[in-house]
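What the coordinates show
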Amino acid sequence: MSFDVTKVRSEFPILETEMRGRPLTYLDSGASAQKPRAVIDAMAAFYSQHYANIHRGVYQLSAEATASYEAVRGKVARFVGAREEREIVFVRNATEAINLVARTWGEENVVEGDEIVLTWMEHHANIVPWQMLAKRRGATIRVAEIDDDGVLDLAHLESLLGPRTKLLAFAHVSNALGTINPVAELVALAKERGIVTLVDGAQAVPHQPVDVDALGADFYAFSGHKVFGPSGAGVLHGRMPLLDAMPPFMGGGDMIESVSFEGTTFAPVPQKFEAGTPDIASVIGFGAAVDYLDGIGMDAIAAYEHELLQYATERLETVPGLRIIGRAKEKAAVISFVLEDAHPHDIGTCLDGEGVAVRAGHHCAQPLMQRMGVPATARASLAFYNTRDDVDRLVEALVKTAELFS
Amino acid sequence: MEDLRELYQATILGHNKKPRNFRVIEHASHEADGHNPLCGDELTLYAQVAEDGTLEDVAFQGSGCAISKASASIMTDHIKGKSLAEVDDDFARFHELVTAPPGEEAKTDGLGKLAVFAGVREYPMRVKCATLAWHALKAALEGEGSAKTE
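Residues numbered from 1 in each chain as written. Chains lettered and ligands numbered in written order. Predicted model: local features only at pLDDT ≥ 70, side-chain atom pairs only at ≥ 80, totals over all residues.

As for the packing of helix H4 (residues 94–109) of chain A against helix H5 (residues 128–137) of chain A
Residues and elements named next belong to chain A. Where H4 contacts H5, the two axes come as close as 9 Å, and the packing angle between them is 20°. Taken together, H4 and H5 sit at an angle that is classed as roughly parallel. Crossing handedness for the pair H4 and H5: right-handed. In this structure, H4 contributes Ile 98, Asn 99, Ala 102 and Gly 106 to the contact, and H5 contributes Pro 129, Trp 130, Met 132 and Leu 133. Per-class residue counts for the contact of H4 with H5 are 6 nonpolar, 2 polar and no charged. (Axes fitted to C-alpha atoms, helices over the stretch in contact; angles between N-to-C directions. Helix = DSSP H or I, 4+ residues; strand = E, 2+ residues; numbered from the N terminus. Parallel < 35°, antiparallel > 145°, perpendicular 65-115°, else oblique. Left-handed = near helix turned anticlockwise from the far one by under 90°. Contact = placed C-beta atoms within 7 Å. Nonpolar A, V, L, I, M, F, W, Y, C, P; charged D, E, K, R; others polar.)

Overview of the interface of chain A and chain B
Contacts between the two partners involve 15 residues from chain A and, on the opposite side, 16 residues from chain B. When contributions to the side of chain A that touches chain B are tallied by element, the ones reaching two or more residues are helix H12 (344–353), strand E16 (359–361) and helix H14 (388–405) of chain A. With 5 residues, H12 of chain A is the largest single contributor of residues to the side of chain A that touches chain B. Among the residues making up the side of chain A that touches chain B, the classes are represented as 6 nonpolar, 6 polar and 3 charged.

Description of the environment of Glu 115 of chain A
Residues and elements named next belong to chain A. Relative to the helices and strands, Glu 115 is located in strand E5 (residues 115–119). Take Glu 115: there are 20 C-beta atoms within 10 Å of it, and that puts it in the buried class. C-alpha of Glu 115 to C-alpha of Arg 239: the two residues are 124 residues apart in sequence and 22 Å apart in space. Contacts of Glu 115, omitting those with residues within four sequence positions, involve Ala 139, Thr 140, Arg 142, Gly 162, Arg 164, Thr 165 and Lys 166. (Buried ≥ 20, exposed ≤ 12 C-beta atoms within 10 Å, placed from the backbone.)

Looking at the domain arrangement of chain A
Residues and elements named next belong to chain A. Domain boundaries in chain A define domain 1 (5–31 + 297–400) and domain 2 (41–294). Between domain 1 and domain 2, the C-alpha centre-to-centre distance is 27 Å. Counting from both sides, the interface comprises 25 residues of domain 1 and, opposite them, 23 residues of domain 2. Elements represented by at least two residues in the side of domain 1 that touches domain 2 include exactly helix H11 (298–316), strand E14 (334–339), helix H13 (366–372) and strand E17 (377–381). Of the residues forming the side of domain 1 that touches domain 2, the biggest block, 4 residues, is contributed by H11. The residue makeup of the side of domain 1 that touches domain 2, split by class, is 13 nonpolar, 5 polar and 7 charged. (Domains from an automatic or database assignment.)

Some remarks on helix H3 (residues 60–79) of chain A
Residues and elements named next belong to chain A. Along its 20 residues, H3 runs 28 Å from first to last C-alpha, staying within 8% of the 28 Å computed at 1.5 Å per residue. Among all positions of H3, only Ala 65, Tyr 69, Val 72, Arg 73, Val 76, Ala 77 and Phe 79 are buried. Residues of H3 that are buried in the fold lie against helix H2 (37–50), strand E4 (88–91), strand E10 (234–238) and helix H10 (280–296). Gly 81 occupies a position one or two residues after H3 and carries a positive phi of about 75°. (Expected span 1.5 Å × (residues − 1).)

Side note on the packing of helix H2 (residues 10–17) of chain B against helix H3 (residues 66–79) of chain B
All names here are of chain B. Two elements in contact, H2 and H3, have axes whose closest approach is 8 Å; the angle formed by their N-to-C orientations is 85°. Between H2 and H3, the crossing angle belongs to the class labelled roughly perpendicular. Residues Ile 12, Leu 13, His 15 and Asn 16 of H2 lie in contact with H3, whose contacting residues are Ala 66, Lys 69, Ala 70, Ser 73 and Ile 74. The class makeup of the residues in the contact of H2 with H3 is 5 nonpolar, 3 polar and 1 charged.

Next comes the structure, spelled out in structure tokens:
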């Protein structure tokens, strides 16, 4: 299948807009991806023709809305290689997915003296919920080292896995550096020792084919809004035996079988974890995003982005005083960098002036910034709708920025 | 990039490269840390208040973006020797300058060199950078120890 970026771009309405009077060069898909017309139209059609609450009404409209919502579960399950639909729990985003696991599996399984192993490259979403859990339960957080290129030190990580380790949680792809971690290998290390694994897949699912069953982690979390779907719909994938044994997350409607003041019995997985009216339209929109990506093919997307990443890396290295932070061989299309004389925040503003949107700051990964010895970085995160022209505009704007601050 | 010259005026770029009063005041009568978690700007503000209630000396140290660094540098120059009431008044006027609606004519009366920050009003995301040193100064004078803009 040939990949036609011009056609792709024409399907994302926002890419035709301007920022500060210039054509928008959107290089912040790692923060949130733009939406294809298919997603926007699916949500508008759902609200204007098919909307009702789900799992409730006896009338046709509600039955149809329920069927559409549940059909997305099936689509997502197939998209990420889940064994069965029930393994897909809808949440708001990856952050909520991780908190769900910490609040349910964590509360039941982590006790005083236990250890939770993380890595230095984690996003705050995969640090803070575990810190909160560790504090509640009297457990300890241990952190696997990374090298100066931003590559995980597997030997060190393995040395941290001990008899008290209950959980190994790590990013599939680092949001700040782009490093792709060897998930299957890490999961195998944990499994040998009976340690549960959680993978933060927020930055992986938008860039490459993901097969959660083959990767083998017990939990895999990601956000729909980074996968070209709307904000408000995310996914926790869990293996059935664990999901079955876990207590509910939030209590309320939709997650029960029957309620009386004497006691309540809970609905089966996944409804047990989906209390209250969910973001129905966002789930519908997410389904449209999955269909859209399936139509292009994640293999084609990964190949295109890989080529674009190489081009961008080469071009960025020509900017005077620019240093790329994160130089792993296995890398997704995320490039963090600093300039000698300009602070990342100033870089962000200067690029904004040229119509180029990048993220500047600590990328919700303050420990990682500390480890890499920088207060912050500027980050260009690419998606399959970006082009060599986008990269050229970035480089041109960076050369001007470097001149301004020299 | 031409529009950006409004924001990054030569004076600001100069103070960013060579900030004034960029030092520690040992045993300062007042000091506070300022922190802007959004972009990681961090500075410590030192103030020496004389017996007559004037700011005898003001200095800062830290790291941050050009806007926060230049703002701290120009602020320390501007307020040295003033009374605390005058400093309060300066902060109020400076705040008004950088938070005025974009496109409106800037009111720079009495602000002296601080007027170079008029361009910040076009970049609302940068207001926190421009005011960080001022918030830290206020925290120091009020004995609060730290200030945060986010």
